[in-house]
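For reference, the chains in residue letters:
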Amino acid sequence: LIIIGFFILLESNSHIGSIDLLFELVSAFSNTGVGTFDINLLNKFGKAVLILYMYIGRLGPITLFTLFSFNHKKSNEITYVNADLML
């Protein structure tokens, strides 16, 4: 995911250094808020990519993979767990 976003940012904002773009993307994905340059140097598409990666990082990759998996079992029955408790 990071590599794809990095190449998108690198292609759309070639006037900024590649290390700075990678650092900014990883910072957005991990929600740390640290940056090495002024974000206003990015074009609108670059800003949108960073916003998208901030949301993906906020939700978490495992949550997104679970959300989009197609093996959901839908059941209308309520089932309770049977367990023996020692008191």
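Anything mentioned here points back to the structure above.
These notes cover the structure that comes with them. (Residues numbered from 1 in each chain as written. Predicted model: local features only at pLDDT ≥ 70, side-chain atom pairs only at ≥ 80, totals over all residues. Heavy atoms only, no water.)

Notes on unusual backbone geometry
Operational definition: Numbering of helices and strands runs from the N terminus, with a helix taken as a DSSP run of H or I at least four residues long and a strand as a DSSP run of E at least two residues long.
For N31, which is not glycine, the phi dihedral falls at a positive 55 degrees. Position of N31 among the secondary structure elements: in the loop between α2 (18–29) and α3 (44–59).

A short note on the packing of helix α1 (residues 2–12) against α3
Here is the rule we go by: A fitted line through C-alpha atoms serves as each axis, taken over the contacting stretch for helices, and the angle formed by two N-to-C directions is quoted from 0 to 180°. Any angle that falls under 35 degrees is termed roughly parallel, while one over 145 is termed roughly antiparallel, one within 65 to 115 roughly perpendicular, and all others oblique. Throughout, a crossing is termed right-handed when the near helix is turned clockwise from the far one, and left-handed when it is turned anticlockwise from it by less than a right angle. Contacts are assigned to residue pairs with any non-hydrogen atoms lying within 4.5 Å of each other. Amino acids outside the nonpolar list (Ala, Val, Leu, Ile, Met, Phe, Trp, Tyr, Cys, Pro) and the charged list (Asp, Glu, Lys, Arg) are all regarded as polar, and Gly is one of them.
Two elements in contact, α1 and α3, have axes separated by 9 Å at closest approach and are oriented at 165 degrees. In terms of axis orientation, α1 runs roughly antiparallel to α3. For the element pair α1 and α3, the recorded crossing hand is left-handed. On α3, the residues that touch I2, I4, G5, I8, L9 and S12 of α1 are F45, G46, V49, L50 and Y53. Broken down by class, the residue content of the contact of α1 with α3 amounts to eight nonpolar, three polar and no charged.

Remarks on the nonpolar core
Quick note on the threshold: Throughout this description, the term nonpolar core refers to a set of buried Ala, Val, Leu, Ile, Met, Phe, Trp, Tyr and Cys residues connected via side-chain atoms within 4.5 Å. Working definition: with a 1.4 Å probe on protein chains only, accessible area under 20% of the residue-type maximum means buried, over 50% means exposed, and in between means partly exposed.
Counting 14 residues, the largest nonpolar core has L9, L21, L25, L42 and L50 as the members making the most contacts within it. Secondary-structure elements contributing two or more residues to this core are α1, α2 and α3. The residues touching L50, leaving out its near neighbours within four places in the chain, are L9, E24, L25, A28, I39 and L42.

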